[in-house]
Amino acid sequence: MISPSRPDSPSSSSNWLRVLSRLVICSTLILALSVALKTRSRLSLLLPSFSSQHPAVMSYQQERYIAELAVQRACLLTQKVFFEKAKGTVSKDDKSPVTIGDFGAQALIIQAIRKNFPNDEIVGEEEASSLRADKDLSAEIWRLVKDIKLEDAESDKVLGGPLPSEESMLDIIDQGNSAGGPKGRIWALDPIDGTKGFLRGGQYAVCLGLIVDGDVKVGAIGTPNLPVDDNATINASTGAQQEGSSANGVLFSAVEGEGATSRPLSNGTLAPSKSISMRPVGNIAEAVFCEGVEAAHSAQGDNAAVAERLGITAPSVRLDSQAKYCSIARGAGDIYLRLPVKKDYQEKIWDHAAGDILVREAGGQVTDIYGNRLDFSKGRTLAANTGVVASPNALQDQVIAAVKAVLKL
Ligand SMILES: Nc1ncnc2c1ncn2[C@@H]1O[C@H](COP(=O)(O)O)[C@@H](O)[C@H]1OP(=O)(O)O
Ligand SMILES: [Mg+2]
Ligand SMILES: [Mg+2]
Ligand SMILES: [Mg+2]
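Residues numbered from 1 in each chain as written. Chains lettered and ligands numbered in written order. Predicted model: local features only at pLDDT ≥ 70, side-chain atom pairs only at ≥ 80, totals over all residues. Heavy atoms only, no water.

Draft legend 1. Quick look at helix H11 (residues 300–310). Taken together, the buried positions of H11 are Asn 303, Val 306, Ala 307 and Leu 310. In a view along the axis of H11, the buried residues occupy a sector of 100 degrees, so they form one face of it. Of the exposed residues in H11, those oriented more than 90 degrees away from the buried face are Gly 301, Glu 308 and Arg 309. If you follow the buried residues of H11, they end up packed against strand E8 (289–291), strand E10 (335–338) and helix H14 (396–407). Looking one or two residues beyond H11, the residue adopting positive phi is Gly 311, at roughly 80 degrees. (Buried < 20%, exposed > 50% of the residue type's maximum accessible area, 1.4 Å probe, protein only. Helix = DSSP H or I, 4+ residues; strand = E, 2+ residues; numbered from the N terminus. Arc of directions from axis to C-beta. Contact = heavy atoms within 4.5 Å.)

Dropping the structure here:
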């Protein structure tokens, strides 16, 4: 027969022990929870810098903001050069205006990256050795750079304010010397993309992309001479007819998984943005090509053969620079073809990084002529790719099939 247990029996004291140990576990859990909550609220106060090391927390919002603001400030410089010095110089065979704009814009943008993301690497198109050898040119660029600031003092401070000296400007230009590669955070910078367009008085772009572990995550492109109106007719010679006109000047940006936006360029804080997307095209024969102006940069005869194969009859929109990516991303044109002229030309990462994410986030695909995604992990060039084909998701397979047929791939 089993006797009933008494309060002082061994089984009753083990009950007490169990209750006590539960109490200890509960209070430890409560303590751990409160420490975690406090740490989280402290992190959220530090979020801008925290997110740069832990992108999942805030998906590159700070990077996008700095990229947009830095590109906007650099556009103040390029436009100053464009209106004061560049327009029409192509006929005089004087390339120095674009050189001034290139170096000046690269200095201003790298300064902003260094200030906000000091551990990141930068692949910039320009390097300062030729400038160190040309004291007059260096002094001229410094005179321009030192006076460029956003009208809003706070925004300007975020980018690091004015550079301290001409020497520091040269040093900073050289910090775009990263070899690129498959690991880490690498900014790809083209301070003026489409130098020919710039000199022609037409389209050019200031382009900045952030590549993380070989994939583009953030892009910002300033196109001072593109019309603000998405539906305005554009061609190679559409430019900023008048200095200070509010009809032209657009800032595009995109973050992976967050869509693409555009806003008018401004002199101070960022203007309100709107979301952009590629145009839905039901019948591919109704699509419009966006192509380069320079015959040396893409094979225009092959482009025409692809258009014919797809039944496209509308004339191509011809533009210099990554303004082509921007145009198709906002539905001002549908398909961007850059078919190779020379087999051995390797495209540069700064010529495509920002455009790649912009189009992908606007509902398109960007591949090479074989239909492979652009591979930004190979160093300073797209060594694994040949040519570029970009179009809305629904059309890409058809376009690639036509490209392969024309190029006999
Ligand atoms: N031989 C070439 N093939 C393809 N692209 C080139 C070639 N030479 C220069 N580029 C780059 O092509 C881009 C502009 O071409 P497009 O306007 O036809 O798209 C620019 O990035 C330009 O450099 P840069 O940045 O120095 O202007
Ligand atoms: Mg370029
Ligand atoms: Mg360039
Ligand atoms: Mg160049």
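Draft legend 2. The coordination of the magnesium ion (ligand 2), seen in detail. Taken together, the protein ligands of the magnesium ion (ligand 2) are Asp 190 (OD), Asp 193 (OD) and Asp 351 (OD), with distances of 1.9 to 2.2 Å. Here the donor residues of the magnesium ion (ligand 2) share one chain and are spaced in sequence as D-x2-D-x157-D. (Donors = N, O, S within 2.8 Å, 3.2 Å for Na, K, Ca; no water.)

Draft legend 3. Looking closely at the coordination of the magnesium ion (ligand 3). Looking at the magnesium ion (ligand 3), one finds its protein donor set to be Glu 125 (OE), Asp 190 (OD) and Ile 192 (O), positioned 2.0 to 2.2 Å from the metal centre. Here Glu 125 falls in the partly exposed class, since its relative accessible area comes to 32%. Judged by relative accessible area, which is 1%, Asp 190 ranks as buried.

Draft legend 4. Spotlight on the packing of helix H7 (residues 135–145) against helix H9 (residues 166–173). Running from N to C, H7 and H9 cross one another at 95 degrees; their axes reach a closest spacing of 10 Å. With respect to H9, the axis of H7 lies roughly perpendicular. For the pair formed by H7 and H9, the contact residues are Lys 135, Ser 138, Ala 139, Ile 141, Trp 142 and Val 145 on the first element and Glu 166, Met 169 and Leu 170 on the second. When its residues are assigned to classes, the contact of H7 with H9 shows 6 nonpolar, 1 polar and 2 charged. (Axes fitted to C-alpha atoms, helices over the stretch in contact; angles between N-to-C directions. Parallel < 35°, antiparallel > 145°, perpendicular 65-115°, else oblique. Nonpolar A, V, L, I, M, F, W, Y, C, P; charged D, E, K, R; others polar.)

Draft legend 5. Spotlight on the UniProt feature "binding site: Mg(2+)" (unreviewed entry) in the protein chain. In the numbering used here, UniProt assigns the feature "binding site: Mg(2+)" (unreviewed entry) to Glu 125, Asp 190, Ile 192, Asp 193 and Asp 351. These annotated residues cover 227 residues of sequence, and their C-alpha atoms lie no more than 9.8 Å from one another, placing them together at a single site. Counting through the fold element by element, Asp 193 comes out in strand E2 (residues 185–193). Residue classification places Asp 193 among the buried residues on the basis of a relative accessible area of 8%. Those residues in contact with Asp 193, other than ones at most four positions away along the chain, are Tyr 204, Ala 205, Cys 207, Ser 321, Gln 322 and Asp 351. (UniProt positions renumbered as here; feature names shortened; annotations may be inferred.)

Draft legend 6. Expanded view of the site of ligand 1. The local shell around ligand 1 holds 15 residues, among which Asp 193, His 297, Ser 321, Lys 324 and Asp 351 are the closest. Between ligand 1 and Gly 194 there is a distance of 3.2 Å, counted from an oxygen atom to a backbone nitrogen or oxygen. At 2.7 Å, a backbone N or O of Ser 321 approaches an oxygen atom of ligand 1. A per-element tally of the shell around ligand 1 places E2 first, with 3 residues. Considering only residue class, the shell around ligand 1 consists of 3 nonpolar, 5 polar and 7 charged. (Near = heavy atom within 4 Å. Polar contact = N/O pair within 3.5 Å; in protein donor to acceptor, adjacent residues only side chain to side chain.)

Draft legend 7. Looking closely at the confidence of the model for the protein chain. Scored by pLDDT, the protein chain has a mean of 87; 81% of the residues are at 70 or more. The secondary-structure element of the protein chain with the lowest mean pLDDT is helix H2 (residues 47–53), recorded at 43, while helix H13 (residues 353–361) shows the highest, at 99. The low-confidence segment residues 1–10, where pLDDT is below 50, has 3 contacts with residues more than four positions distant or belonging to other chains. Here residues 88–93 scores under 50 on pLDDT; set against residues more than four positions off or in separate chains, the count is 5 contacts. The ipTM, which scores confidence in the relative placement of chains, is 0.93 for this predicted complex, and the corresponding pTM is 0.85. (pLDDT = per-residue confidence, 0-100.)

Draft legend 8. Highlighting the sheet that holds E8. Across the sheet, 5 strands lie side by side as E9-E8-E10-E12-E11; this open sheet has mixed pairing. Only two strands of the sheet have a single neighbouring strand rather than two, namely strand E9 (317–318) and strand E11 (364–367). With 2 bridges connecting them, E8 and E10 associate as parallel partners. Each bridged residue has a counterpart across the sheet, and for Phe 289 the counterpart in E10 is Ile 335. The strands touched by H11 within the sheet are E8, E9 and E10, with E8 carrying the most contacts at an inclination of about 175 degrees. Along the sheet, H13 makes contact with E11 and strand E12 (388–392), crossing E11 at roughly 150 degrees. (Pairing = 2+ DSSP bridges.)

Draft legend 9. Representation of the environment of Ile 141. Inspection of the secondary structure assignment puts Ile 141 in helix H7. The exposure class of Ile 141 is buried, given its relative accessible area of 0%. A sequence separation of 57 residues divides Ile 141 from Phe 198, and the C-alpha atoms of the two residues are 17 Å apart.

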